[in-house]
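This is what each chain is made of:
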Amino acid sequence: MDEFFRILCDRTLQLLFACWGAVCALLVPMFPFAIICTLLILADCYTAWELSRRVKKKYPGHASGKFKSQEMGRVFITLIKVFAAIVLASLVEKIIFEGATIRLPNIVAGAVCFWQVWSILENESSCNDAKWAKILQKIMIDKTERHFDIDLSDLKDMSGELDEKIAAEHKEQPKSNAPKKTKTKKVKNENLN
């Protein structure tokens, strides 16, 4: 009986290691893409933290200048999504577009890299008075306000009050004295024979 359990354990371990090897063989070609994307995501994280510090320095009392754990959670979720996208792109390429010259993992990784580089440039140009940053701010979003420590419910309340004020002012405006256009009916000519 002991011999049976030993053989069963050996076969189970062999099966587990075979499955692990298959998964590793599937994922190994994607490691370079995952590493490059991970490095760019971490660089984006670092530049966002630097932006937070610049905002704190320029607008004291409005920003903490700290890297928050909530932000790290978003970074991990982003990494998981990127890894999943690269794996799925590789599987689609191998299974669906078998033999085609299209390289989906390269395209997905390239898109992620472009997205991260763009975000890094936005972070570096935001809340920055350098000439190159001013030029970039003309075409990129300024992320300074994202780092202000403001309660969003206060902004929503202020926005609602502003909308009500604008609506009230719009109702109070007098109607213009411009002449109204009147619709005229076209009369059809009928031939009476």
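Residues numbered from 1 in each chain as written. Predicted model: local features only at pLDDT ≥ 70, side-chain atom pairs only at ≥ 80, totals over all residues. Heavy atoms only, no water.

Following the criterion strictly, the structure yields three aromatic pairs and no others. Each ring, one from F114 and one from W118, has its centre 6.0 Å from the other, and the planes form 40°; the classification is tilted. You can see F114 and its partner W118 sitting in helix α4 (residues 104-125), four residues apart, about one turn around the helix. (Phe/Tyr/Trp six-rings, centres within 6.5 Å; stacked < 30°, edge-to-face > 60°. Helix = DSSP H or I, 4+ residues; strand = E, 2+ residues; numbered from the N terminus.)

Now for the side chain of S125. Residue position: S125 is located in helix α4. Judged by its relative accessible area of 1%, S125 falls in the buried class. (Buried < 20%, exposed > 50% of the residue type's maximum accessible area, 1.4 Å probe, protein only.)

Residues I95, I96, F97, I102 and I107 make up a contiguous nonpolar surface patch of roughly 490 Å² in combined accessible area. Along the chain, the position of F97 falls in the loop between α3 (69-95) and α4. (Patch = residues over 30% accessible without salt bridge, like charges linked within 9 Å, V, L, I, M, F, W, Y side chains within 5 Å. Areas by Shrake-Rupley, 256 points an atom, 1.4 Å probe, with all protein chains shown as cover. Salt bridge = Lys/Arg side-chain N within 4 Å of Asp/Glu carboxyl O.)

For the rest of this paragraph, the subject is the nonpolar core. Grouped together as the largest cluster of nonpolar side chains are 13 residues, with contacts concentrated most on C37, I41, V75, V82 and I86. Of all the secondary structure elements, the ones that give two or more residues to this core are α2 (31-58), α3 and α4. Contacts of C37, omitting those with residues within four sequence positions, involve V82, I86, A109, V112 and C113. (Core = buried A, V, L, I, M, F, W, Y, C linked by side-chain atoms within 4.5 Å. Contact = heavy atoms within 4.5 Å.)

A few words on unusual backbone geometry. For C127, which is not a glycine, the phi torsion comes out positive at approximately 55°. For C127, the location among the structural elements is in the loop between α4 and α5 (131-137). On the accessibility criterion, C127 (11% relative accessible area) is buried.

Bringing the pattern of salt bridges into the picture now. Going through the model one piece at a time under the given rule, you end up with five salt bridges. Here R6 ties to E3 by a salt bridge, and the two come within 2.5 Å at their closest N and O atoms. A residue pair is termed a helical-turn pair when its members lie 3 or 4 positions apart in one helix, as R6 and E3 do in helix α1 (residues 2-27) at three residues. Among the residues examined, R6 registers a relative accessible area of 45% and is labelled partly exposed.

Another point: the confidence of the model for the protein. For the protein, the average pLDDT comes to 79, and 75% of its residues sit at 70 or higher. Across residues 189-193, where pLDDT falls below 50, the model places zero contacts with residues more than four positions away in sequence or in other chains. (pLDDT = per-residue confidence, 0-100.)

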